[in-house]
Amino acid sequence: QVQLVESGGGSVQPGGSLRLSCAASGIDFGRYSMNWVRQAPGKERELVASISSGGITNYAASVKGRFTLSRDNAMNMVYLQMNTLELEDTAVYYCTAAADYGPPSRYWGQGTQVTVSS
C-alpha cells in the first residue's frame, strides 16, 4: 500500500519559517519525482516545487529563493524548507509522487495546512 504522509504544517507569522516533511512508503522511492502542490481556498492548484529522481529541483516563481526542496533517498523522505513566509503562502500543501521512468504512476498525500497570518 502506497502512503505519502505529510507533517510540519502549522501557523506562523509573516516572515517566519516552516519545514514540511513527507514520508513515502510502498513505492520504489528512487524512481519517483517528488513534488509539493498547494491549494488555497478559491485559488487554482499550484505546483510549488519538484525534485526529480536525479535530484534536479524546480520551483514556482512565487517561491523561488524562499523555499528549498530536498530528498533523502535512504530514508524515503522529502523536505520542503519554507522561509520568509508570506500571507499568500497560506494553503493546504500536498506531497505527490510521480514516476520518472517505468510504469507511469502518481500518488498524493492527504495534505497539511500551512497558515501565515499576523
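Residues numbered from 1 in each chain as written. Predicted model: local features only at pLDDT ≥ 70, side-chain atom pairs only at ≥ 80, totals over all residues. Heavy atoms only, no water.

Q: Explanation requested: the state of the cysteines in the structure shown.
A: Simply put, the disulfide is a covalent bond whose two ends are the sulfur atoms of two cysteines. This structure, assessed with the given rule, holds 1 disulfide. The disulfide that involves Cys22 links it to Cys95, with 2.1 Å between the sulfurs. Since a negative S-S torsion denotes a left-handed disulfide, the Cys22-Cys95 link at about -80° is left-handed. Of this pair, Cys22 sits in strand β3 (residues 18-25) while Cys95 sits in strand β9 (residues 91-99), and the two are 73 residues apart along the sequence. Like Cys22, the residue Cys95 is buried in the burial classification. (Disulfide = S-S within 2.5 Å. Helix = DSSP H or I, 4+ residues; strand = E, 2+ residues; numbered from the N terminus. Buried < 20%, exposed > 50% of the residue type's maximum accessible area, 1.4 Å probe, protein only.)

Q: Would you mind going over the sheet that holds strand β8 (residues 77-82) with me for this structure?
A: Two orientations exist for strands paired in a sheet by backbone hydrogen bonds: parallel and antiparallel. Strand order across the open sheet formed by 4 strands is β1-β3-β8-β7, with antiparallel pairing between neighbours. In the strand order of this sheet, the two ends are held by β1 (3-7) and β7 (67-72), each with one partner. Looking at each pair of strands side by side, their axes are set apart by 15° on average, direction ignored. Direction of pairing for β7 relative to β8: antiparallel, over a ladder of 6 bridges. Bridging across to β8, Asp72 finds its partner in Met77. (Pairing = 2+ DSSP bridges. Axes fitted to C-alpha atoms, helices over the stretch in contact; angles between N-to-C directions.)

Q: Could you clarify how one ought to interpret the pattern of salt bridges in this entry?
A: If charged atoms from side chains of opposite charge come close, those side chains can pair. Throughout the structure, instances matching the rule amount to 4 salt bridges. Between Asp89 and Arg66 there is a salt bridge; the shortest N-O distance is 2.7 Å. Taken together, the residues span a long stretch of sequence, with Asp89 in the loop between β8 and β9 and Arg66 in the loop between β6 (57-59) and β7 at a distance of 23 residues. Here Asp89 matches Arg66 in class, with each residue buried. (Salt bridge = Lys/Arg side-chain N within 4 Å of Asp/Glu carboxyl O.)

Q: Would you explain the packing of aromatic side chains in this entry?
A: Aromatic rings considered in pairs are described by the distance between their centres and by the relative angle of their planes. Here the structure, examined in full by the defined rule, presents 2 aromatic pairs. Arranged with centres 6.2 Å apart and planes meeting at 45°, the rings of Tyr32 and Tyr107 form a pair that is tilted. With Tyr32 in strand β4 (residues 32-39) and Tyr107 in strand β10 (residues 106-108), the pair connects residues that are 75 residues apart, well separated along the chain. You can call Tyr32 buried: its relative accessible area is 3%. Using a relative accessible area of 27% as the deciding quantity, one classes Tyr107 as partly exposed. Note on Tyr94 and Trp108: the rings are 5.7 Å apart at their centroids and 65° apart in plane angle, and the pair reads as edge-to-face. Of this pair, Tyr94 sits in strand β9 while Trp108 sits in strand β10, placing them 14 residues apart in sequence. On the basis of relative accessible area, Tyr94 is assigned to the partly exposed category, the value being 21%. We classify Trp108 as partly exposed; its relative accessible area is 35%. (Phe/Tyr/Trp six-rings, centres within 6.5 Å; stacked < 30°, edge-to-face > 60°.)

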